[in-house]
Amino acid sequence: MDFLKQTRYVPMNRRRRIYEGKGKILYEGPEPGTLIQHFKDDATAFNAKKHEIVDGKGVLNNRISEYIFNQLNGMGIPTHFIRRMNMREQLIREVEIIPLEVVVRNVAAGSLATRLGIEEGVQLPRSIIEFYYKNDALNDPMVAEEHITAFGWATPQELDDIMALAIRVNDFLSGLFLGVGIRLVDFKIECGRLFEGDMMRIVVADEISPDSCRLWDIATNDKMDKDRFRRDMGGMLEAYQEVARRLGILNDNERPNGSGPTLVQ
Ligand SMILES: Nc1ncnc2c1ncn2[C@@H]1O[C@H](COP(=O)(O)OP(=O)(O)O)[C@@H](O)[C@H]1O
Ligand SMILES: [Mg+2]
């Protein structure tokens, strides 16, 4: 079959699966140094103690993350993202993930509000960066720069680069969301080492989506993020759809949960 020789098409079931996490699967990519990141519909919280399937979430996160990473790349903020391949998958550069969740906060919410007794919604005096050690067995404990460098998770230079990246991402994302009537309360990124020849640089990896951000409607303070799931508020998919719609990446008619054909007017 000539068709098979001419294309790089690899049937889904014959791809090598590298890793399956809570929300995504990584497959070997078509070229060395690349991976395919597949977005599942699994919604998890509290270290996967809470778990549900939300039909269509993976499609939305793939699209939203694609949009944001493309914009970051365009602004010279380096990321792992190459291109979206289909509704659920994107081609990315393989990196050596730094085992940290890098959280940037602009407004008090979630664990910061609880731990420090600050009311949710209070604007912080300045943006705050926190680090959590990415380790499910330990429940992703918060760590200080001292732990990170002492245990060799990242060097002091790398940590400087990570913080600079996180601040640039925050500045960009805050403006992007503000422009569509959304307050960026906080978000999490993961960073990785990208090796190119003998060069290494730190890039933004993983995903940026309503799963990894707190997004509140400017006018109503309505939550448009994973807190709807964590707090059993309902309407998670609709909220993610609204984020995508405001960013202009979803036709008003499009139904990512595949709930049947839509009438085209
Ligand atoms: N460019 C990349 N190269 C290698 N690993 C990556 C890259 N981007 C993200 N990852 C890793 O892939 C996994 C994505 O799957 P996910 O379901 O989020 O896993 P987890 O349950 O560990 O959070 C994460 O462990 C993340 O650190
Ligand atoms: Mg993850």
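So, a few notes on the structure that sits alongside this text. Since the structure is predicted, the reported quantities are computational estimates derived from the model, not experimental observations.

To continue, consider the overall build of the protein. Each helix and strand in the protein was counted, giving seven helices and 14 strands. In the protein, which comprises 265 residues, the share counted as buried stands at 34%.

Attention now goes to the pairing of strand β5 (residues 50–53). Summarising the sheet, strand β4 (residues 42–45) and β5 pair through four bridges and their orientation is antiparallel. Note that in β5 the partner of Ala43 across the bridge is Glu52. What sits between β4 and β5 in their antiparallel hairpin is a turn of four residues, with Phe46 showing a positive phi close to 50°.

Counting residues in hydrophobic clusters, the biggest one holds 52 residues, and the most contacted among them are Val102, Ile162, Leu184, Ile189, Cys191, Val204 and Leu215. Every element with two or more residues in this core is listed here: β3 (34–39), α2 (57–74), β9 (100–107), α5 (156–178), β12 (182–196), β13 (199–205), β14 (213–217) and α7 (236–246). Leave out the neighbours within four places in its chain, and Cys191 touches Ile98, Val102, Ile162, Leu165, Ile202, Val203, Val204 and Ala205.

Right, let's get into the site of ligand 1. Around ligand 1, the structure places 17 residues, and the nearest of them are Gly21, Lys22, Lys24, His80 and Ala205. Per-domain counts for the shell around ligand 1 show at least three residues from each of domain 1 (15–91) and domain 2 (94–235).

A few words on α5. Along an α-helix, residues three or four apart share an orientation, since each turn contains 3.6 residues. The terminal C-alpha atoms of α5 lie 33 Å apart, and with 23 residues this matches the ideal 33 Å at 1.5 Å per residue to within 8%. The set of residues buried in α5 consists of Leu159, Ile162, Leu165, Ala166, Val169, Leu173 and Phe177.

Taking strand neighbours across the sheet as the criterion, the five strands line up as β1-β2-β3-β7-β6 in an open arrangement whose pairing is antiparallel. With partners counted over all chains shown, the strands left at the sheet margins are β1 (17–20) and β6 (81–84), one partner each. Direction aside, neighbouring strands of the sheet carry axes that sit 25° apart on average. Across five bridges, the pairing between strand β2 (residues 24–28) and β3 is antiparallel. Counted as the bridge partner of Glu28 is Leu35 from β3.

Here the focus is the packing of α2 against α7. At a minimum axis separation of 10 Å, α2 and α7 run at an interaxial angle of 25°. Regarding the angle of α2 to α7, the classification is roughly parallel. Relative to α7, the crossing made by α2 is left-handed. Along the contact surface, α2 presents Lys57, Leu60, Arg63 and Ile64, while α7 presents Leu237, Tyr240, Gln241, Val243 and Ala244. A breakdown of the residues in the contact of α2 with α7 according to their chemical character gives six nonpolar, one polar and two charged.

Conventions and cut-offs
- Residues numbered from 1 in each chain as written.
- Chains lettered and ligands numbered in written order.
- Predicted model: local features only at pLDDT ≥ 70, side-chain atom pairs only at ≥ 80, totals over all residues.
- Helix = DSSP H or I, 4+ residues; strand = E, 2+ residues; numbered from the N terminus.
- Buried ≥ 20, exposed ≤ 12 C-beta atoms within 10 Å, placed from the backbone.
- Pairing = 2+ DSSP bridges.
- Core = buried A, V, L, I, M, F, W, Y, C linked by C-beta atoms within 7 Å.
- Contact = placed C-beta atoms within 7 Å.
- Near = placed C-beta within 6 Å.
- Domains from an automatic or database assignment.
- Expected span 1.5 Å × (residues − 1).
- Axes fitted to C-alpha atoms, helices over the stretch in contact; angles between N-to-C directions.
- Parallel < 35°, antiparallel > 145°, perpendicular 65-115°, else oblique.
- Left-handed = near helix turned anticlockwise from the far one by under 90°.
- Nonpolar A, V, L, I, M, F, W, Y, C, P; charged D, E, K, R; others polar.

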